[in-house]
Amino acid sequence: MKTFLNVQDLGDLKQALAEAQEIKNDRYKYCQLGKNKTALLVFFNNSLRTRLSTQKAAQNLGMNVIVLDVNAGAWKLETERGVIMDSDKSEHLLEAIPVMGSYCDIIGIRSFAGLTDREYDYAETVYNQFVKYSGRPVFAMETATVHPLQAFADLITIAETAPQQPVRQPGKPIKVVMTWAPHPKCLPQAVPNSFAEWMVAASKEASLLQRDGSETGIEFVITHPKGYELDPKFVGDARVEYDQMKAFEGADFIYAKNWSCPGVTCPDKYGQILEDYHNLLDWTVSERQMAVTNDGKFMHCLPVRRNMIVTDDVIESANSLVIPEAANREISATVVLKRMLLSL
Ligand code: CP
């Protein structure tokens, strides 16, 4: 595997989940694979989980790790070609990338969306420059529009929890609902884009999960206020239900996330908050909504703003998966790095 951005890069999901389980059983099984190989992790933005879990994953495989915080200690980087560089940006990414590539074997990139220019963000300009100019395999650690390591960890979490979900109707697939929730700041669409992309791909595989001793699939539903429609290239044919309570009925998993306007139905509002969050606090996931689920599990990628996205009671409940979900970031990153090492 030379790139990791979209679900297609991983190929067969059943095989990927089997590899994740193998790593979970023994996360040091491939500890010789990365000997004398170096992972360079480049962060244009803050991170807790991605930074720690990806370093740990590389170490599980015996790799050396270099972490670069571009905004803390490196030269400020210009990313756009053709700019007269008379600002505070001293170095162009087009020189910096091949230099970075010369010090490592695999590169991970964390670069958020600017949320002002939809075309620039959705072209994945920064990530693609690394692919083009580094000469190394490149994986996304959350880019302008996707967060595949998170989505893979989310799928692993769902797959290992699904067998315990109570069965109300035999043969019924696992119902996964992604809900928009309020937030005071404009956030990227990367996490919901990837979660939708991965759940849509997973829902095509009728025997991906186990439940009640037999194989089953996923029914995926998205709920959000009007105007927050995600890009069709990620949501595909997923059902969108604008009534949040209706969407939650019978759900086995609730995946909460805020995102700003993706600019699909209202292009001039790309990256913006469409309505004051004070008017939308009934979208905060609380026991009121969880009561209509099928003893549903609560998921969020973290970091999360309590009592905006989710109430204290729900996130602290026995049904909250946020900690094992974050722990699975080490597993998803180990599988991805293992595959990249095998491709060198
Ligand atoms: N979920 C996630 O990617 O967390 P960080 O932003 O802390 O890495």
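Structure's up top.
Notes on the structure follow.

Conventions used here
Residues numbered from 1 in each chain as written. Predicted model: local features only at pLDDT ≥ 70, side-chain atom pairs only at ≥ 80, totals over all residues. Heavy atoms only, no water. Near = heavy atom within 4 Å. Polar contact = N/O pair within 3.5 Å; in protein donor to acceptor, adjacent residues only side chain to side chain. Areas by Shrake-Rupley, 256 points an atom, 1.4 Å probe, with all protein chains shown as cover. Buried < 20%, exposed > 50% of the residue type's maximum accessible area, 1.4 Å probe, protein only. Helix = DSSP H or I, 4+ residues; strand = E, 2+ residues; numbered from the N terminus. Arc of directions from axis to C-beta. Contact = heavy atoms within 4.5 Å. Pairing = 2+ DSSP bridges. Right-handed = clockwise from strand over helix to strand, strands pointing away. Phe/Tyr/Trp six-rings, centres within 6.5 Å; stacked < 30°, edge-to-face > 60°.

1. Digging into the site of the ligand
Near the ligand the following residues occur: Ser47, Leu48, Arg49, Thr50, Arg110, His147, Gln150, Cys301, Leu302 and Arg329. At 2.7 Å from an oxygen atom of the ligand is found a side-chain nitrogen or oxygen belonging to threonine 50. For the ligand, a nitrogen atom lies 3.0 Å from a polar atom in the backbone of cysteine 301. Protein contact buries 94% of the 250 Å² of open area that the ligand shows by itself.

2. Some points on helix α3 (residues 93-101)
The set of residues buried in α3 consists of Leu93, Ala96, Ile97, Met100 and Gly101. The buried residues of α3 all sit within an arc of 130 degrees when viewed along its axis, so they share a single face. As for α3, its buried residues are in contact with β2 (38-43), β3 (64-69), β4 (77-78), β5 (91-92), β6 (106-110) and α5 (125-133).

3. Thoughts on the sheet that holds strand β12 (residues 239-240)
Strands sit in the order β12-β11-β8-β13-β14 across an open sheet of five strands; the sheet is parallel. Since the sheet does not close on itself, it has two edges, and those belong to β12 and β14 (297-299), each with one partner.

4. Some thoughts on the pairing of β2
Among the six residues of β2, six are classified as buried, and the element is accordingly described as predominantly covered. Of the two faces of β2, both are covered, the one formed by Thr38, Leu40 and Val42 as well as the one formed by Ala39, Leu41 and Phe43. Note: β2 against β3, six bridges, orientation parallel. By the bridge assignment for β3, threonine 38 is matched with asparagine 64. As a crossover connection, the stretch from β2 through helix α2 (residues 49-60) into β3 is right-handed.

5. Here's the deal with the packing of aromatic side chains
Scanning the model with the defined rule gives nine aromatic pairs in all. Ring centres 6.0 Å apart and planes at 85 degrees place the aromatic pair tryptophan 180 and tryptophan 283 in the edge-to-face group. Of this pair, tryptophan 180 sits in strand β8 (residues 174-180) while tryptophan 283 is found in the loop between β13 (253-257) and α10 (287-290), placing the two residues 103 residues apart along the sequence. Note on accessibility: tryptophan 180 and tryptophan 283 belong to one class, buried. Each member of the aromatic cluster is reached from another via a ring pair, and the members are Phe4, Phe152 and Trp198.

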